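Here is what each chain is made of, one letter per residue.
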Number of protein chains: 2
Amino acid sequence: MRVVKEANVRKSEILDAAELLFETKGFDGTSTTDILNEAGIARGTLYYHFKSKEDILDAIIERMTGSLVAKATEIAGKKDEPVLRRMTQMMLALHVDNGLGYEIMEQVHKPQNALMHQKMQERLLAGVNPIITALIGEGIAQGICQTDYPTEVAEMTFLYSSTIFDNLAIHSVEERERKITAFIYNLERLLGMERDSLQGAILPIFG
Amino acid sequence: MRVVKEANVRKSEILDAAELLFETKGFDGTSTTDILNEAGIARGTLYYHFKSKEDILDAIIERMTGSLVAKATEIAGKKDEPVLRRMTQMMLALHVDNGLGYEIMEQVHKPQNALMHQKMQERLLAGVNPIITALIGEGIAQGICQTDYPTEVAEMTFLYSSTIFDNLAIHSVEERERKITAFIYNLERLLGMERDSLQGAILPIFG
DNA sequence: CTTTATTATACCGACAGTCTGTCAGTATTA
DNA sequence: TAATACTGACAGACTGTCGGTATAATAAAG
């Protein structure tokens with residue numbers, strides 16, 4: 001039996017199915033046949049809409065990161081809120097509950113899904129970095145912080161936190177706390193801020 | 001015709017063949033059959049010595065990073081040389097000419113080889129981090145630098161530099177120079193050093 | 001100290017099972 | 001009647017397994 005749908009509808013149905021499977025079985029562990037069955041379509045249909053399995057992955061990542069970047073943009077845009085507050089909210093949005101769910105994050109960090117992880121990280125960095133950089137710029141303008149290289153500070157902290165904190169579940173509680181404190185300590189230094197000036201604002205984020 | 005060799009000899013022959021192929025065709029682009037042919041052995045032999053293709057990758061990474069870690073250890077151990085000098089030599093050893101050759105590094109950063117990249121990074125970080133941390137510790141003891149979290153500084157800078165600088169060929173010359181200057185700037189801050197105190201020592205490294 | 005059994009080690013290649021991507025053709029909608 | 005969406009059989013490739021075979025190492029017998 002054949003059901004015809006608009007291309008965009010089918011496409012996102014396929015993405016839904018694939019995302020669900022990637023969450024539970026990982027990227028490499030999910031076969032195109034799995035996706036076919038989950039989406040209830042034939043082989044040809046999949047390849048009518050996507051040119052390869054990796055193409056599906058890219059689309060999913062685009063979808064996932066897109067909403068994160070949108071959220072980050074929105075937070076950064078609230079010019080009435082103080083900069084520091086927006087910075088912490090940004091971190092919150094990007095790391096603690098980043099809307100991707102726990103399972104998928106766990107999957108993303110399995111070695112089998114290195115490709116997925118790398119692609120997400122690259123895409124997220126590209127999208128979010130200008131926003132963070134601008135925010136730091138505001139901070140500098142207001143005399144809250146100071147650095148000659150805001151972009152690189154953003155890069156460095158984003159990369160570090162997305163490598164370390166995403167894996168944080170692995171570490172023990174003490175380890176975890178140390179990492180967080182150290183992160184704040186280092187961020188203060190990179191942003192040329194007084195010691196402990198961020199401490200109070202950020203610490204509550206990481207429950 | 002059948003040639004019998006000692007297991008270790010065969011094993012490293014297989015690794016040689018695989019490494020060569022991974023360099024030119026990438027990990028995913030190299031089939032086990034390719035390795036078979038290159039090494040001049042039968043299918044069963046490969047799987048007699050290694051339990052999977054990924055197992056081969058792990059062994060290669062172990063071999064490659066092993067020598068890098070050894071070199072880093074050696075440099076760090078030269079207690080008569082000043083700390084700052086050893087730090088720069090370390091960076092040199094780990095990044096500019098890291099003994100892995102240009103082609104393989106280029107391969108490592110292709111998206112197809114994300115797994116390889118991630119594994120190398122993890123393995124290298126684990127091996128090198130304690131050494132760098134100790135070096136920073138020496139620096140602190142001698143009053144050259146100061147931080148409450150040497151391990152995390154080491155982590156952060158190593159991760160950042162291995163993500164950014166390895167991809168540096170991509171960037172333009174100006175971009176490249178900016179990244180390097182920024183890196184030094186940030187490192188100085190993380191290590192609680194005076195501005196430009198590292199500048200003179202490190203800059204010449206990145207030709 | 002040879003020669004002959006015996007065991008352990010290294011090796012082989014056919015094969016099963018799975019997977020991705022293609023294509024010629026068919027149904028549905030515009 | 002043309003464009004769009006869909007189908008499922010199929011080719012080609014790839015990974016890992018397995019029963020069996022040759023070589024080297026060791027032990028037993030002459």
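Everything discussed here concerns the structure shown above.
Overview of the structure. (Residues numbered from 1 in each chain as written. Chains lettered and ligands numbered in written order. Predicted model: local features only at pLDDT ≥ 70, side-chain atom pairs only at ≥ 80, totals over all residues. Heavy atoms only, no water.)

## Describing the overall build of chain A
Argument step 1. Each helix and strand in chain A was counted, giving 10 helices and zero strands.
Argument step 2. The N-to-C order of helical and strand elements in chain A reads α-α-α-α-α-α-α-α-α-α.
Argument step 3. The buried share of chain A, reckoned over its 207 residues, is 50%.
Argument step 4. Of the contacts formed within chain A by residues at least 6 apart in sequence, a portion of 63% connects residues at least 24 apart.
Argument step 5. Accessible surface, chain A: about 9,800 Å² in total, of which carbon and sulfur atoms supply 53%. (Helix = DSSP H or I, 4+ residues; strand = E, 2+ residues; numbered from the N terminus. Buried < 20%, exposed > 50% of the residue type's maximum accessible area, 1.4 Å probe, protein only. Contact = heavy atoms within 4.5 Å. Areas by Shrake-Rupley, 256 points an atom, 1.4 Å probe, with all protein chains shown as cover.)

## A short note on the protein's contact with DNA strand C
Argument step 1. For DNA strand C, the set of nearby residues contains 25 residues, the closest of which are T32 of chain A together with R10, G44, T45 and H49 of chain B.
Argument step 2. The sugar-phosphate portion of DNA strand C accounts for 59% of its atoms within 4 Å of the protein, the bases making up the rest.
Argument step 3. Here V3 of chain B contributes a backbone N or O atom positioned 3.5 Å from a phosphate oxygen of DNA strand C.
Argument step 4. Between DNA strand C and A42 of chain B, the relevant distance is 3.2 Å, taken from a phosphate oxygen to a main-chain nitrogen or oxygen of the residue.
Argument step 5. Elements with a contribution of two residues or more to the surface near DNA strand C: α2 (32-39) and α3 (43-49) of chain A together with α1 (7-25) and α3 (43-49) of chain B. (Near = heavy atom within 4 Å. Polar contact = N/O pair within 3.5 Å; in protein donor to acceptor, adjacent residues only side chain to side chain.)

## Section: the relation of the copies chain B and chain A
Argument step 1. Of the transformation placing chain B onto chain A, the axial shift is 0.0 Å and the rotation is 180°, giving an RMSD of 0.1 Å. What we have between these two chains is a two-fold relation.
Argument step 2. Mapped onto chain A, 97% of the interface residues of chain B again fall at the interface, so both copies present the same surface. (Least-squares fit on C-alpha atoms with pLDDT ≥ 70 in both.)

## A look at the protein's contact with DNA strand D
Argument step 1. Residues in contact with DNA strand D amount to 24 residues; listed here are only the nearest, R10, T45 and H49 of chain A together with R2 and T32 of chain B.
Argument step 2. Of all DNA strand D atoms lying within 4 Å of any protein atom, the proportion belonging to sugar or phosphate reaches 61%.
Argument step 3. Taking R2 of chain A, its side chain carries an N or O atom lying 3.2 Å from a base oxygen of DNA strand D.
Argument step 4. Between a phosphate oxygen of DNA strand D and a main-chain N or O atom of K5 of chain A, the distance comes to 2.9 Å.
Argument step 5. Looking at the surface near DNA strand D, the elements with two or more residues in it are α1 (7-25) and α3 of chain A together with α2 (32-39) and α3 of chain B.

## Quick notes on the interface of chain B and chain A
Argument step 1. Counting from both sides, the interface comprises 31 residues of chain B and, opposite them, 30 residues of chain A.
Argument step 2. Around 3,000 Å² of area is buried between chain B and chain A when both sides are counted, 54% of it from carbon and sulfur atoms.
Argument step 3. Its largest share of buried area at the contact with chain A, chain B owes to Y149, M156 and R189 of chain B, together 23% of the area lost on that side.
Argument step 4. On the surface where chain B and chain A come into contact, there are 16 residue pairs in polar contact (both at pLDDT 80 or more).
Argument step 5. Only α7 (114-141), α8 (150-164) and α9 (173-190) of chain B provide two or more residues apiece to the side of chain B that touches chain A.
Argument step 6. For the side of chain B that touches chain A, the element with the most residues is α8 of chain B, which contributes 10 residues. (Buried area = accessible area lost by both parts, 1.4 Å probe.)

## Details of the pattern of salt bridges
Argument step 1. Under the defined criterion, the tally for this structure stands at 32 salt bridges over all chains.
Argument step 2. Between E19 of chain A and R63 of chain A there is a salt bridge, with its nearest N and O atoms 2.8 Å apart. Taken together, the residues E19 of chain A in helix α1 and R63 of chain A in helix α4 (residues 53-77) connect sequence positions 44 residues apart.
Argument step 3. Residue R63 of chain A is classed as partly exposed on the basis of its relative accessible area of 32%.
Argument step 4. Here K25 of chain A makes a salt bridge to D34 of chain A, at a shortest N to O gap of 2.9 Å.
Argument step 5. Here the residues in one salt-bridge network are E152 and E155 of chain A together with E175, R178 and K179 of chain B, joined through shared partners. (Salt bridge = Lys/Arg side-chain N within 4 Å of Asp/Glu carboxyl O.)

From the geometry alone we can't say anything about function, so treat these as descriptive.
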